[in-house]
Amino acid sequence: MTATVLPLPLGNRPSQIGFDRLELTRILDLYGRMVAAGHWRDYAIQLGREAAVFAAFRRAAENPEFRIEKRPALRNRQGMWALVGENGTVLKRGAELGPVLAPVERRLMKLVE
């Protein structure tokens, strides 16, 4: 019996953008703290060809309060991370996830006080 080794198709871009373990852990940690503070109740994750999006909702039947977007195509321009508000405006953009989440973290501190 002979085995045939087939090369994996290597394209320019992956077929789907996703979050790695550390990124998702950081996002879900923030989500858990916002749930514990009684502010968020639901979330959704969308993985696509252009971006991976984590959306956090106050209630399930409304627009997300915040979207955390990862767009690797913007890595060398504005930074691949973006925090998008409920009305679609980009609140913060950057190359690192931590500083992009900072406005939500500050809001959490105000909720807890």
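Residues numbered from 1 in each chain as written. Predicted model: local features only at pLDDT ≥ 70, side-chain atom pairs only at ≥ 80, totals over all residues. Heavy atoms only, no water.

Draft legend 1. Broad picture of the packing of aromatic side chains. The full count for this structure, using the stated rule, is 6 aromatic pairs. Both rings, one in Phe19 and one in Trp81, keep their centres 6.2 Å apart while their planes meet at 15 degrees; by these two values the pair is stacked. Of this pair, Phe19 sits in the segment before α1 (21–36) while Trp81 sits in strand β4 (residues 81–85), and the two are 62 residues apart along the sequence. The class for Phe19 is buried, based on a relative accessible area of 15%. In textbook terms, an aromatic cluster arises when at least three aromatic residues are bridged by ring pairs, as seen for Tyr31, Trp40, Tyr43, Phe54 and Phe66. (Phe/Tyr/Trp six-rings, centres within 6.5 Å; stacked < 30°, edge-to-face > 60°. Helix = DSSP H or I, 4+ residues; strand = E, 2+ residues; numbered from the N terminus. Buried < 20%, exposed > 50% of the residue type's maximum accessible area, 1.4 Å probe, protein only.)

Draft legend 2. Molecular detail of a nonpolar patch on the surface. On the surface, a cluster of nonpolar side chains totalling about 320 Å² of accessible area is made up of Leu28, Tyr43, Ile45 and Leu47. Tracing the chain through its elements places Ile45 in strand β1 (residues 42–47). Since its relative accessible area comes to 40%, Ile45 is described here as partly exposed. (Patch = residues over 30% accessible without salt bridge, like charges linked within 9 Å, V, L, I, M, F, W, Y side chains within 5 Å. Areas by Shrake-Rupley, 256 points an atom, 1.4 Å probe, with all protein chains shown as cover. Salt bridge = Lys/Arg side-chain N within 4 Å of Asp/Glu carboxyl O.)

Without other data, these values stay purely geometric and don't point to any function.
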